[in-house]
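Chains, contacts and geometry: an overview
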Amino acid sequence: MSKTTYKGRQQRCRRAAELLAGGLSPADAVSRLTAEWGCSRRTILRDVNLGQDALLESIASQTHAQLAAWYVASYARLMNKAEKAHQYGAAIGALKGWLNINKDPTAKSVAAN
């Protein structure tokens, strides 16, 4: 393992944020970055955590419409990935998760009354 630099850490954090924003899970991002950079898993875990923090900060500054579009795209990728792997239960679970996010809060309160 080579010694990592500050500049390298910044590049890995940016790459981690890109992978996470693209719908990759943190565990998959760690595996991919470990292979790409040749750093230790521990170093990459730190970088992915920093990348997640950066991604959350950027999401917090986005509009609700952009955030909703990001959710839809993420769940669509998850459903497609599950279907390609013939994991139909996982695809249905992703669809249910998407539906739970998109429920109308007023419909829930009306149904309760």
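In this text, all values refer to a predicted model and were calculated from it rather than measured experimentally.

1. Remarks on the pattern of salt bridges
Working definition: two side chains of opposite charge can pair if their charged atoms are close together. Under the defined criterion, the tally for this structure stands at five salt bridges. Note that D47 is salt-bridged to R9, the shortest N-O span being 2.6 Å. Here D47 is found in helix α3 (residues 41–60), whereas its partner R9 is found in helix α1 (residues 6–21), with 38 residues between them in sequence. Owing to a relative accessible area of 22%, R9 belongs among the partly exposed residues under this scheme. Notably, a salt bridge pairs E36 with R15, separated by 3.1 Å at the nearest N-O pair. Residue E36 is found in helix α2 (residues 26–37), and its partner R15 is found in helix α1; the two are separated by 21 residues along the sequence. Taking the relative accessible area as the measure of exposure, E36 reaches 39% and is therefore partly exposed. The exposure class assigned to R15 is partly exposed, which follows from its relative accessible area of 27%. When salt bridges that share partners are traced, they join R9, R12 and D47 into one network.

2. A few points about the packing of aromatic side chains
All chains considered together, the criterion is met by zero aromatic pairs. Positioned over the ring face of W37 is R12, at 5.6 Å from the centre of the ring.

3. Details of the packing of α1 against α2
Relative orientation of the contacting elements α1 and α2 amounts to 140°, with a least axis distance of 10 Å. Considering the angle they form, α1 stands oblique to α2. Judged by the twist between their axes, the crossing of α1 over α2 is right-handed. For the pair formed by α1 and α2, the contact residues are G8, Q11, R12, R15, A16, L19 and L20 on the first element and P26, A29, R32, L33, E36 and W37 on the second. Taken together, the residues of the contact of α1 with α2 break down into seven nonpolar, two polar and four charged.

Parameters and conventions
- Residues numbered from 1 in each chain as written.
- Predicted model: local features only at pLDDT ≥ 70, side-chain atom pairs only at ≥ 80, totals over all residues.
- Heavy atoms only, no water.
- Salt bridge = Lys/Arg side-chain N within 4 Å of Asp/Glu carboxyl O.
- Helix = DSSP H or I, 4+ residues; strand = E, 2+ residues; numbered from the N terminus.
- Buried < 20%, exposed > 50% of the residue type's maximum accessible area, 1.4 Å probe, protein only.
- Phe/Tyr/Trp six-rings, centres within 6.5 Å; stacked < 30°, edge-to-face > 60°.
- Lys NZ or Arg CZ within 6 Å of the ring centre and 35° of its normal.
- Axes fitted to C-alpha atoms, helices over the stretch in contact; angles between N-to-C directions.
- Parallel < 35°, antiparallel > 145°, perpendicular 65-115°, else oblique.
- Left-handed = near helix turned anticlockwise from the far one by under 90°.
- Contact = heavy atoms within 4.5 Å.
- Nonpolar A, V, L, I, M, F, W, Y, C, P; charged D, E, K, R; others polar.

None of this, on its own, says anything about what the molecule does.
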